[in-house]
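Chain by chain, the residues:
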Amino acid sequence: QVQLQESGPGLVKPSQTLSLTCSVSGASVNSGDYTWNWIRQHPGKGLEWIGFISSTGNTYYSNSPSLRSRVSISVDTARNHFSLRLISVTAADTALYFCVREEHRGFEDWFDPWGQGILVTVSS
Amino acid sequence: SSELTQDPAVSVALGQTVKITCQGGSLRSFFANWYQQRPGQAPLVVIYGKNNRPSGIPDRFSGSSSGHIASLTITGAQAEDEADYYCSSRDSSGNQYVFGNGTRVTVL
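The rules behind these values
Residues numbered from 1 in each chain as written. Chains lettered and ligands numbered in written order. Predicted model: local features only at pLDDT ≥ 70, side-chain atom pairs only at ≥ 80, totals over all residues. Heavy atoms only, no water. Buried < 20%, exposed > 50% of the residue type's maximum accessible area, 1.4 Å probe, protein only. Helix = DSSP H or I, 4+ residues; strand = E, 2+ residues; numbered from the N terminus. Pairing = 2+ DSSP bridges. Contact = heavy atoms within 4.5 Å. Buried area = accessible area lost by both parts, 1.4 Å probe. Salt bridge = Lys/Arg side-chain N within 4 Å of Asp/Glu carboxyl O. Nonpolar A, V, L, I, M, F, W, Y, C, P; charged D, E, K, R; others polar. Polar contact = N/O pair within 3.5 Å; in protein donor to acceptor, adjacent residues only side chain to side chain. Core = buried A, V, L, I, M, F, W, Y, C linked by side-chain atoms within 4.5 Å. Disulfide = S-S within 2.5 Å.

Novice: So what exactly am I meant to see when it comes to the pairing of strand β4 (residues 34-41) of chain A here?
Specialist: Both faces of the sheet carry side chains from a regular strand, because those side chains alternate between them. Residue and element names in this part refer to chain A. Counting buried residues along β4, eight of its eight residues qualify, which places the element largely inside the surrounding structure. Residues Tyr34, Trp36, Trp38 and Arg40 line one face of β4 and the alternating positions Thr35, Asn37, Ile39 and Gln41 line the opposite face, and both faces are buried. Remark: five residues form the turn of the hairpin made by β4 and strand β5 (residues 47-54), two consecutive strands paired antiparallel; Gly44 in that turn has positive phi of roughly 70°.

Structure below.
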């Protein structure tokens, strides 16, 4: 059974960098069939895709104005985890952050499974 | 188009059928996936691709699509189906992933 688990600080000061790690068990981040994603959910709101990293290390990020140019995602194959960095955070980055595997099959791709999520609050 | 539009809320009587829709121009080119999110839990995929149910998802959940509209149907809704449901797909460029704003399903 594949499981993902987010970890990192729950409180970040404005203008600082948010750093989260997703530990993967039951699957390898090296597998070519998947991409490894970050998705967030503002309190009481909907879901927002942040970006992904592929098994080959290719990355693709949201072009949303709220995220553009602030995001980076990396992978550590030795530790079988991937990470999110979001720079210059503001209160608008307060959200529940999920790490998620995306599976691909032909023209179909879907997010499964999801980590339980980690709440990050941006506040001084 | 980079937007997917859902009705904010819908209610259904226990055992009855409810259909949730998701509209967006990109759905003419890409499949929609459907995620169920119960309070305090992470989203869970219930339908992906053309009309596929992951293992463990009851067969009362089904998906369909026509033009720019994708639909999720719950046939014989149960109390445990009360949740928020989000559609997701790629945007028209194919390079971005987008979510609908979510539909809250209440089972009466």
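Novice: What's the story with the interface of chain B and chain A in this structure? I'm lost.
Specialist: Frequently, the measure chosen for interface size is the accessible area removed from exposure when the parts meet. In this complex, chain B contributes 18 residues to the contact, which on the side of chain A involves 25 residues. Note on chain B versus chain A: buried area summed over both sides is about 1800 Å², and carbon and sulfur give 57% of it. Across the chain B-chain A interface, the total number found is one salt bridge. Between Arg90 of chain B and Asp109 of chain A there is a salt bridge; the shortest N-O distance is 2.4 Å. Elements that contribute at least two residues to the side of chain B that touches chain A include exactly β4 (33-37), β8 (83-90) and β9 (97-99) of chain B. By residue class, the composition of the side of chain B that touches chain A is nine nonpolar, seven polar and two charged.

Novice: Please explain the environment of Arg68 of chain A as it appears in this structure.
Specialist: Residue and element names in this part refer to chain A. Relative to the elements of secondary structure, Arg68 occurs in the loop between β6 (59-61) and β7 (71-76). Judged by relative accessible area, Arg68 falls into the partly exposed class, the value being 46%. In sequence terms Arg68 and Leu86 are 18 residues apart; their C-alpha atoms lie 10 Å from each other. Residues within four places of Arg68 in sequence aside, it is in contact with Ser62 and Asn63. Of the polar contacts made by the side chain of Arg68, one reaches the backbone oxygen of Asn63; its length is 2.4 Å.

Novice: Looking at this structure, I do not really get the sheet that holds strand β7 (residues 69-75) of chain B. What am I missing?
Specialist: Two modes of strand pairing occur in sheets, parallel and antiparallel, and in both the strands are linked by backbone hydrogen bonds. Residue and element names in this part refer to chain B. Across the sheet, four strands lie side by side as β1-β3-β7-β6; this open sheet has antiparallel pairing. Each having just a single partner strand, β1 (5-6) and β6 (61-66) make up the two edges of the open sheet. As paired strands, β6 and β7 are joined by six bridges and run antiparallel to one another. Counted as the bridge partner of Ser64 is Ser71 from β7.

Novice: Hey, could you run me through the nonpolar core in this one?
Specialist: Inside soluble globular proteins, nonpolar side chains tend to come together where they are buried. Among the nonpolar cores identified, the biggest contains 27 residues, and Trp36, Trp38, Phe82, Leu84 and Tyr97 of chain A are the most heavily contacted of them. For this core, the secondary-structure elements that each account for two or more residues are β3 (18-25), β4, β5, β7, β8 (81-86), β9 (95-105) and β11 (118-122) of chain A. Per element, the largest residue contribution to this core is four residues, and it comes from β3 of chain A. Counting residues in hydrophobic clusters, the runner-up holds 22 residues, among them Val12, Phe61, Leu72 and Val98 of chain B.

Novice: How should I be thinking about the state of the cysteines in this particular structure?
Specialist: Each disulfide consists of a covalent bond between the sulfur atoms of two cysteine residues. As enumerated under the stated definition, the model contains two disulfides over all chains in all. Covalent S-S linkage joins Cys22 of chain A and Cys99 of chain A, the inter-sulfur distance amounting to 2.1 Å. Between Cys22 of chain A and Cys99 of chain A, the S-S dihedral sits near 65°, and the bridge is therefore right-handed. Of this pair, Cys22 of chain A sits in strand β3 while Cys99 of chain A sits in strand β9, and the two are 77 residues apart along the sequence. Assessed through its relative accessible area of 0%, Cys22 of chain A is described here as buried. A relative accessible area of 0% means that Cys99 of chain A is categorised as buried. At a sulfur-sulfur separation of 2.1 Å, the disulfide partner of Cys22 of chain B is Cys87 of chain B. Taking the sign of the torsion about the S-S bond as the criterion, the disulfide between Cys22 of chain B and Cys87 of chain B, at about 70°, is right-handed. One end of the pair, Cys22 of chain B, is in strand β3 (residues 17-23); the other, Cys87 of chain B, is in strand β8, with 65 residues separating them in the sequence.

Novice: Sorry, what's going on with unusual backbone geometry here?
Specialist: Leaving glycine out, the prevailing phi sign among residues is negative, and the prevailing peptide bond configuration is trans. Residue and element names in this part refer to chain A. Of note, the amide linkage connecting Asp112 to Pro113 takes the cis form, showing an omega dihedral of 0°. Relative to the elements of secondary structure, Pro113 occurs in strand β10 (residues 108-114). Phi at Asn80 takes a positive value of approximately 55°, unusual for a residue other than glycine. Residue placement: Asn80 occurs in the loop between β7 and β8. Taking the relative accessible area as the measure of exposure, Asn80 reaches 16% and is therefore buried. Notably, Ser88 is not glycine yet its phi reads approximately 50°, a positive angle.

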